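Results of the structural survey
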Amino acid sequence: MTAKALYRIEELGLSLAKRESCLALLGLGSVGKELKRCDEYSDLDFFVIVNAGTKMDYLNNLDWLNEVKPLVYSFRNTVDGYKVLFEDGVYGEFAVFEESEMCAIAYSEGRFVFKKDGCHVSEQPIVEIREIKEDNIDFALNELLTNLLVGMQRYRRGERLAAQRLIEVHALNRLLSIHHHFADEENDFIDPYNLERRVEFRFPALAKLLPTFVQGIEHVPSSAKALLDYTLALGMLNEAMVKEIEALL
């Protein structure tokens, strides 16, 4: 069964193509180049590219969306776009750009649902997304160590929420940022904005250990120990730092 998000992006393309001021609709993510992962839980990510001087027409009045399917929620989260929910439950995030703006916008390679003759925007961005993976393994490991140390100090002080965030979020993210150096990724659907996305499919062996790394606010020391033990197996860590962390566990 075709996902509703995919139907919606095609419906939107047919509608927008009729507008003289609209030059293109660029689908992104699972309604873009990554159609293989589009499913019933996929949302709608897209750029609308319009003629110079017409951008605010699309941002100030969302009738062009309501004409396709009525909206029950809209929230302008950036100067360029919105987060929206259609009445049938399809959720979407979009931005509107004039053609001249696209040369300065970073995005993952997309898929044109439609593109009019004379529009020079490419499916591939000119500006690359800043890589969130870490090439400097030593940097990431030391960030992870300091996250564990400060996190455990805060936990022992009674700051459990701050500790949980440092250990189960920040320290774990440092591990995720370098794990591609230690294990092959099993598919190429990498979210350049978010290290946590699809980790279960990219690193299934690591994913099995996630319950030990994220045990919750009442079990932060156990999470810290699991992260420390796993990281020790990956590389050399400063012995003094390791001892200080272990003393707090």
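Anything mentioned here points back to the structure above.
What this report covers is the structure whose coordinates are included nearby. The residue count restarts for each chain, going from 1 along the sequence in the order it is written. With the structure being a predicted model, the display of local features is reserved for residues of pLDDT at least 70 and the display and counting of side-chain atom pairs for 80 or more, all residues being used for whole-chain, interface and lining totals. With hydrogens and water set aside, each side-chain value is computed from the structure's full complement of heavy atoms.

1. A short note on the sheet that holds strand E6 (residues 111–115)
To keep it simple, the criterion reads: Two strands are said to pair when DSSP picks up at least two bridges between them. Secondary structure follows DSSP: runs of H or I at least 4 residues long count as helices, runs of E at least 2 residues long count as strands, and numbering of each begins at the N terminus. Interaxial angles span 0 to 180 degrees and are taken between N-to-C directions of axes, which are lines fitted to C-alpha atoms, for helices over the stretch in contact. Here, residues are in contact when the closest pair of their heavy atoms is within 4.5 Å.
In space, the six strands of this open sheet follow the order E3-E4-E5-E2-E1-E6, with mixed pairing throughout. On the outer flanks of this sheet lie strand E3 (71–75) and E6, each paired with one strand and no other. Averaged over all pairs of adjacent strands, the angle between strand axes in this sheet comes to 25°, irrespective of strand direction. Across seven bridges, strand E2 (residues 44–50) lies against strand E5 (residues 91–98) in parallel orientation. Across the sheet, residue Val48 finds its bridge partner in E5, namely Val96. Where helix H1 (residues 4–16) meets the sheet, its contacts fall on strand E1 (22–28), E2, strand E4 (81–86) and E6, and the angle it forms with E6 comes to roughly 30°.

2. A look at the pairing of E5
What counts is decided by this rule: For the exposure calls, accessible area comes from a 1.4 Å probe over protein chains only, and a residue counts as buried if that area is under 20% of its type's maximum, exposed if over 50%, partly exposed in between.
Of all eight residues that make up E5, six are buried, and the element is covered over most of its length. By the bridge criterion, five bridges tie E4 to E5 in an arrangement that is antiparallel. In the strand pairing of E5, Lys83 is matched with Glu93.

3. Observations regarding helix H10 (residues 239–248)
To keep things clear, this is the line we draw: Here, the arc refers to the directions that run from the helix axis to the C-beta atoms. Polar contacts here mean pairs of N or O atoms no more than 3.5 Å apart (in protein, one a potential hydrogen donor and the other a potential acceptor; neighbouring residues in sequence count only if both atoms are side-chain atoms).
Every buried residue of H10 is accounted for by Val242, Ile245 and Leu248. Projected onto a plane normal to the axis of H10, the buried residues spread over an arc of 125° and lie on a single side. Set apart from the buried face of H10 by more than 90 degrees, the exposed residues are Glu239, Ala240, Lys243 and Ala247. Elements that come into contact with the buried residues of H10 comprise helix H4 (137–157) and helix H9 (220–232). For H10, the side-chain oxygen to backbone nitrogen distance between the N-cap and Ala240 is 3.1 Å, and the N-cap itself is Asn238.

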